[in-house]
Amino acid sequence: TWHLKKIPQIVSERTFSLDSPKFEAKTKLELNSVCGIECQRKLPVPNLSDLKDLLSYETVFENGTRTLTEVNVLGLGLDPAGNTTTRKSLRKKRQIYGTDSRFSIYDKRFMTNFPFNTAVKISTGCSGILISPKHVLTAAHCLHNGKDYVKGSKRLRVGLMKAKSRGEGRKRKGAKRNGMPSFQWTRVKSTHIPKGWFKGVSGDIALDYDYAVLELKRPHKRKYMELGISPTIKMMPGSMIHFSGFDNDRSGQLVYRFCSISDESNDLFYQYCDAEPGSTGSGVYLRLKEPNKKKWKRKIIAVYSGHQWVDVNGEQQDYNVAVRITPLKYAQICFWIHGNDENCTQG
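To start, this report covers the structure provided alongside it.

Calculation rules
Residues numbered from 1 in each chain as written. Predicted model: local features only at pLDDT ≥ 70, side-chain atom pairs only at ≥ 80, totals over all residues. Heavy atoms only, no water. Phe/Tyr/Trp six-rings, centres within 6.5 Å; stacked < 30°, edge-to-face > 60°. Helix = DSSP H or I, 4+ residues; strand = E, 2+ residues; numbered from the N terminus. Buried < 20%, exposed > 50% of the residue type's maximum accessible area, 1.4 Å probe, protein only. Salt bridge = Lys/Arg side-chain N within 4 Å of Asp/Glu carboxyl O. Arc of directions from axis to C-beta. Polar contact = N/O pair within 3.5 Å; in protein donor to acceptor, adjacent residues only side chain to side chain. Expected span 1.5 Å × (residues − 1). Disulfide = S-S within 2.5 Å. Core = buried A, V, L, I, M, F, W, Y, C linked by side-chain atoms within 4.5 Å. Contact = heavy atoms within 4.5 Å.

## Examining the packing of aromatic side chains
Thought 1: This model, assessed by the stated rule, comprises 8 aromatic pairs.
Thought 2: Measuring from ring centre to ring centre gives 5.9 Å for Phe23 and Tyr149, while their planes differ by 50 degrees; the resulting arrangement is tilted. Note that Phe23 is positioned in the loop between β1 (9–18) and β2 (31–32) and Tyr149 in the loop between β8 (135–138) and β9 (157–162), a separation of 126 residues in sequence. Each member of the pair, Phe23 together with Tyr149, is buried.
Thought 3: Here Tyr57 and Trp336 contribute two aromatic rings whose centre-to-centre distance is 5.4 Å and whose plane-to-plane angle is 75 degrees, an arrangement assigned as edge-to-face. Taken together, the residues Tyr57 in strand β3 (residues 57–61) and Trp336 in helix α5 (residues 327–338) connect sequence positions 279 residues apart. Judged on exposure class, the residue Tyr57 and its partner Trp336 are both buried.
Thought 4: Put simply, the rings of Tyr57, Tyr209, Tyr211 and Trp336 pair up and form one aromatic cluster.

## Considerations on the pattern of salt bridges
Thought 1: Evaluation of the coordinates by the stated rule reveals 10 salt bridges.
Thought 2: The closest approach of N and O atoms between Glu70 and Arg14, which form a salt bridge, is 2.8 Å. Of this pair, Glu70 sits in strand β4 (residues 66–74) while Arg14 is found in strand β1, placing the two residues 56 residues apart along the sequence.
Thought 3: Linking Arg66 and Glu58 is a salt bridge whose minimum nitrogen-to-oxygen distance equals 3.2 Å.

## Looking at helix α2 (residues 48–55)
Thought 1: Of the residues making up α2, those classed as buried are Leu51, Leu54 and Leu55. One side of α2 holds all its buried residues, which, seen down the axis, span an arc of 85 degrees.
Thought 2: The opening residue of α2, the one whose side-chain oxygen lies 3.2 Å from the backbone nitrogen of Ser49, is Asn47.

## A short note on α5
Thought 1: Its 12 residues give α5 an end-to-end C-alpha distance of 16 Å, which sits within 8% of 16 Å, the value for a rise of 1.5 Å per residue.
Thought 2: Burial of α5 is extensive: 10 of the 12 residues sit out of reach of the surface.
Thought 3: Taken together, the buried positions of α5 are Leu328, Lys329, Tyr330, Ala331, Gln332, Ile333, Cys334, Phe335, Trp336 and Ile337.
Thought 4: Just downstream of α5 lies Gly339, where phi reads positive at about 80 degrees.

## A word on the state of the cysteines
Thought 1: With the rule as written, the count across this model stands at 1 disulfide.
Thought 2: Between the sulfur of Cys126 and that of Cys142 lies a disulfide, 2.1 Å long from S to S. Across the disulfide from Cys126 to Cys142, rotation about the S-S bond amounts to roughly -95 degrees, and the bridge is consequently left-handed. With a gap of 16 residues between them, Cys126 in the loop between β6 (119–122) and β7 (127–130) and Cys142 in the loop between β8 and β9 connect regions that are remote in the sequence. Pair check on accessibility: Cys126 and Cys142 agree, each one buried.

## Looking at unusual backbone geometry
In most cases, non-glycine residues show a negative phi, while peptide bonds are predominantly trans.
Thought 1: One non-glycine residue with positive phi stands out, namely Phe23, at about 55 degrees.
Thought 2: Relative accessible area serves as the criterion here: at 8%, Phe23 is assigned to the buried category.

## Overview of the environment of Thr59
Thought 1: Mapping Thr59 onto the fold places it in strand β3.
Thought 2: Accessibility expressed as a relative area gives 3% for Thr59, which makes it buried.
Thought 3: C-alpha separation for the pair Thr59 and Ile193, spaced 134 residues apart in sequence, amounts to 6.7 Å.
Thought 4: A polar contact of 2.8 Å, which involves the side chain of Thr59, links it to the side chain of His192.

## Here we look at the nonpolar core
Thought 1: Ranked by size, the top nonpolar core spans 68 residues in total, and within it Leu55, Ile131, Leu137, Val158, Leu227 and Ile333 carry the most contacts.
Thought 2: With 8 residues, the single largest contributor to this core is α5.
Thought 3: Not counting the four nearest positions on each side in its chain, Leu227 is found in contact with Ile131, Leu137, Lys299, Ile300, Ile325, Tyr330, Ile333 and Ile337.

Set out below in structure tokens:
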């Protein structure tokens, strides 16, 4: 069951203008991070001052201007338990583990209906998910490498899947009619990225803050997926998560997968879902029952950050990682969507 939680408040204190970004960074769909599972476990729980700094955010507008908004965090109960997690054995160095368990969605009826229609393509080569009539959630590193915005993010666009119109497939003989989604591309009006993504852990990029929200120039009329607060592994049926995205090795196809989570820290899920670059930024969701109702509901509880290489006991190991939506991140993303914290008191 989804449990309602009281959400801390994130309120903006001051907004400054910054110089326009250079937009010269290269898009990197696979990250190298040195802070792995053991390192994450040892990280101290941030204090209120750190959190205010990490959750302050940059906004880039379509005309290239940029602002920094400083925030305050109210009503926060810090978790003294730290990074509690279950340990399981590590695995071989591959992004597809054993038998490839991904499903390509070919049928247009599935592709253009909920929940698959919430998956979107980002013009920098990543995936994302619709979280409001005007907002898309994706990974921060699809737009920014920690130092500068990537080249393609200056004129950022989001591709929404559409069912091909009648006769579209008849134009050319031998043209493929099935399995290839066509996209309706929409310009992005503004982009929000948390400052925690720039600051990094000991000078390195901080995976905990690898998320961003894009505001579309024009609203869409599709069903979107609501945000949820990420439960612990123990509270998930079969520890099972799901996500859909546009993996590079299956060009033009929507790829769906589900798998169980193997490990967790306060901010990250470690899992063995089969995934290739391109699916980065996908919304990871769960299906749980609504309180006092018999209906099941899907909600986004994490953002797929991608395949990571880390040092574990002096050796390079890999895993697939997703950034959990904690109460604080829920409050921040909700604030970005609504522009106030009144709609974000419970999640």
